[in-house]
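Read off the chains here:
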Amino acid sequence: MKKIGKVIEVFIPNENNIDIMYSKKIGFKVNIDDKIIELIKDNNERYANIYKDDLVEIIEENNNLDIKLYEGDINDR
């Protein structure tokens, strides 16, 4: 399943009382079909380039959600 949504917040999640400066995770709140979905991923270059107000594609495979920048038609923005 693939759905297009808009990032409404990017955050550093609080994980196990670790100071957020040392966190290796990044979180996203995405608005899809008037619902807010929260995703937390290991921070890497792919996720570090996703910002608030970006259109993203949410991909569900084997009960796992992933997020990537939506690179569709310019008219979609």
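What counts as what
- The residue count restarts for each chain, going from 1 along the sequence in the order it is written.
- Reporting in this predicted model follows two pLDDT cut-offs: at least 70 for local features of residues, and 80 or more for side-chain atom pairs to be given and counted; totals over whole chains, interfaces and linings ignore these cut-offs and use all residues.
- Just so you know, side-chain values use all the structure's heavy atoms and leave hydrogens and water out.
- The criterion for an aromatic pair is that two Phe, Tyr or Trp rings (for Trp, the six-membered ring) have centres within 6.5 Å, with stacked assigned to planes under 30 degrees apart, edge-to-face to planes over 60 apart and tilted to the rest.
- A run of DSSP states H or I qualifies as a helix once it reaches four residues; a run of E qualifies as a strand once it reaches two. Both are numbered from the N-terminal end.
- For the exposure calls, accessible area comes from a 1.4 Å probe over protein chains only, and a residue counts as buried if that area is under 20% of its type's maximum, exposed if over 50%, partly exposed in between.
- Charges are assigned to positions over rings by a cutoff of 6 Å between ring centre and Lys NZ or Arg CZ, combined with an angular limit of 35 degrees from the ring normal.
- Here, two residues are considered to be in contact whenever any of their heavy atoms come within 4.5 Å of each other.
- We define the nonpolar core as a collection of buried residues of types Ala, Val, Leu, Ile, Met, Phe, Trp, Tyr and Cys that are connected through side-chain atoms lying within 4.5 Å of one another.
- What makes a salt bridge here is a side-chain nitrogen of Lys or Arg within 4 Å of a carboxyl oxygen of Asp or Glu, nothing more.

Engineer: What exactly am I supposed to notice about the packing of aromatic side chains here?
Structural biologist: Aromatic ring pairs are described here by two measures, namely the spacing of the ring centres and the angle between the planes. Counted according to the given criterion, the structure contains 1 aromatic pair. Ring geometry for phenylalanine 28 and tyrosine 47: centres 6.4 Å apart, planes at 55°, overall tilted. In this pair, phenylalanine 28 sits in strand S2 (residues 25-32) while tyrosine 47 sits in helix H1 (residues 45-48), placing the two residues 19 residues apart along the sequence. Residues phenylalanine 28 and tyrosine 47 agree in their burial class; the two are buried. We note lysine 29 situated over the ring of phenylalanine 11; from NZ or CZ to the ring centre the distance is 5.8 Å.

Engineer: Please clarify how the environment of glycine 27 should be interpreted in this entry.
Structural biologist: With respect to the helices and strands, glycine 27 occurs in strand S2. Separated by 14 residues in the primary sequence, glycine 27 and lysine 41 have C-alpha atoms spaced 6.3 Å apart. Once residues within four sequence positions are removed from consideration, glycine 27 is found in contact with Glu9, Val10, Phe11, Pro13, Leu39 and Ile40.

Engineer: What should I look at first to understand the side chain of glutamate 57 in this one?
Structural biologist: Counting through the fold element by element, glutamate 57 comes out in strand S4 (residues 55-61). The buried category is assigned to glutamate 57, whose relative accessible area is 12%. In this view, glutamate 57 contacts Lys2, Lys3, Ile4, Asp66, Ile67, Lys68, Leu69 and Tyr70; residues no more than four positions away in its chain are not counted.

Engineer: Quick question: what am I supposed to make of the nonpolar core here?
Structural biologist: Soluble globular proteins tend to bury their nonpolar side chains together. In terms of nonpolar packing, the biggest core is built from 11 residues, these being Val7, Ile26, Phe28, Val30, Ile32, Leu39, Tyr47, Ile50, Val56, Ile58 and Ile67. Ranked by residue count, the leading element in this core is S2, at 4 residues. Apart from the residues lying within four places of it in its own chain, the contact partners of leucine 39 are Ile26, Gly27, Phe28, Val30, Ile58, Leu65, Asp66 and Ile67.

Engineer: I tried to follow the environment of lysine 25 on my own but got confused; where do I start?
Structural biologist: For lysine 25, the location among the structural elements is in strand S2. Among the residues examined, lysine 25 registers a relative accessible area of 27% and is labelled partly exposed. Spatially, the C-alpha atom of lysine 25 lies 16 Å from that of isoleucine 37, the residues being 12 residues apart in sequence. With residues near it in sequence (within four places) discarded, lysine 25 still touches Ile12, Pro13, Glu15, Ile40, Lys41, Asp42 and Asn43.

Engineer: Please explain the pattern of salt bridges as it appears in this structure.
Structural biologist: When the charged atoms of two side chains lie near each other, side chains of opposite charge can form a pair. Taken as a whole and assessed by the stated rule, the structure comprises 6 salt bridges. For aspartate 66, the salt bridge identified is with arginine 46, shortest N-O distance 3.1 Å. With aspartate 66 in strand S5 (residues 64-69) and arginine 46 in helix H1, this residue pair connects regions lying 20 residues apart in the sequence. Several salt bridges share partner residues, and in doing so they unite Lys41, Arg46 and Asp66 into one network.

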